[in-house]
Amino acid sequence: MHIRTLTGSLAAVLVLSSPLLWGGQAVAAPSGAPEQEAAARLLTYDASGSAEFRSAVDRGAAIWNESVDAVELRPVASGQRANIRVLADNGWPRALPGTLGNGTVYIGRQAVNQGYDTIRISAHEFGHILGLPDRKPGPCSSLMSGSSAGTACTNRHPNAAEKAEVEDNFARALSGAPERTEQAGATESVPRAVLIRD
C-alpha cells in the first residue's frame, strides 16, 4: 500500500515537472495584483548630535516618509555611517547638501529662540538634502518658504509641488539623468556642497 502511494506520488511529480525536465518553460499564473513600484531609496540619518531637537528631527524625517515614495529616511544603525548628519548649534538653521540624499543639517537655536517651529525647521532642512531649494519669500503652505513665512507658520508638510520635485529628483538620480535647476526648467547639474542658510 505504501509502495502504491509512493509510486503514485512520484508519477504525479514527474508529470507536473516534465515541461521543466524536457526544455519547457514554467509560467507563473498572473496574481491579479498590480506590479510593485521600485523600492524607495533608503537614506539614514544620525541625530545623535541634535541634542534637545532629537524628537523634532525624527518627526521631520517621518513627515517626508509619509509624503513621498521615492525615499525613506531612517535613523542610522549603531556603528554605521549615515547619509545625513543632524547637529544642533546656536546659529541659524542651515543645510550643507552633498550629493543628492547626503549632507549635514544644523538645527540652529537662533531661529528656535525667535519662535520658529522646530519640526518645520527639521522638515525644511531635510528638504534641502532631498534636493529642494529655498522658495523665499513664500507662503506658509510652502515648506521651503522657510523663515519667510514667519514665526506664526507651523506648516510642517511639503506641498504637492515640493513632493513631486523630490519624487522627480530621485527618479532622475535613479535613471542617471542630471538634476533640474530653477532656471526656466533647464536641466543641468546642480552644484552641491553649498551652504544653504535658512
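The paragraphs below set out a description of the structure included in this document. (Residues numbered from 1 in each chain as written. Predicted model: local features only at pLDDT ≥ 70, side-chain atom pairs only at ≥ 80, totals over all residues. Heavy atoms only, no water.)

Here the focus is the side chain of histidine 124. Along the polypeptide, histidine 124 turns up in helix α4 (residues 118–129). Here aspartate 134 takes part through its side chain, which lies 3.0 Å from a polar atom of the side chain of histidine 124. (Helix = DSSP H or I, 4+ residues; strand = E, 2+ residues; numbered from the N terminus. Polar contact = N/O pair within 3.5 Å; in protein donor to acceptor, adjacent residues only side chain to side chain.)

This part covers the environment of valine 57. Within the secondary structure, valine 57 sits in helix α2 (residues 54–67). Linking valine 57 and glutamate 125, residues 68 residues apart in sequence, is a C-alpha distance of 9.6 Å. Among all residues touching valine 57, those that are not within four sequence positions of it are Tyr45, Ala47, Ser50, Val86, Ile107, Ser122 and Phe126. (Contact = heavy atoms within 4.5 Å.)

All right, on to the packing of aromatic side chains then. Aromatic ring pairs are described here by two measures, namely the spacing of the ring centres and the angle between the planes. Per the counting criterion, the structure on display carries two aromatic pairs. Pairing tyrosine 45 with phenylalanine 126 gives two aromatic rings, centres 5.6 Å apart and planes at 70°, and the pair type is edge-to-face. Of this pair, tyrosine 45 sits in strand β1 (residues 41–49) while phenylalanine 126 sits in helix α4, and the two are 81 residues apart along the sequence. Residue class for tyrosine 45 comes out buried when judged on its relative accessible area of 3%. With centroids separated by 5.7 Å and ring planes inclined at 80°, the aromatic side chains of tryptophan 92 and tyrosine 116 adopt a geometry described as edge-to-face. With tryptophan 92 in the loop between β3 (84–89) and β4 (94–97) and tyrosine 116 in the loop between α3 (109–113) and α4, the pair connects residues that are 24 residues apart, well separated along the chain. (Phe/Tyr/Trp six-rings, centres within 6.5 Å; stacked < 30°, edge-to-face > 60°. Buried < 20%, exposed > 50% of the residue type's maximum accessible area, 1.4 Å probe, protein only.)

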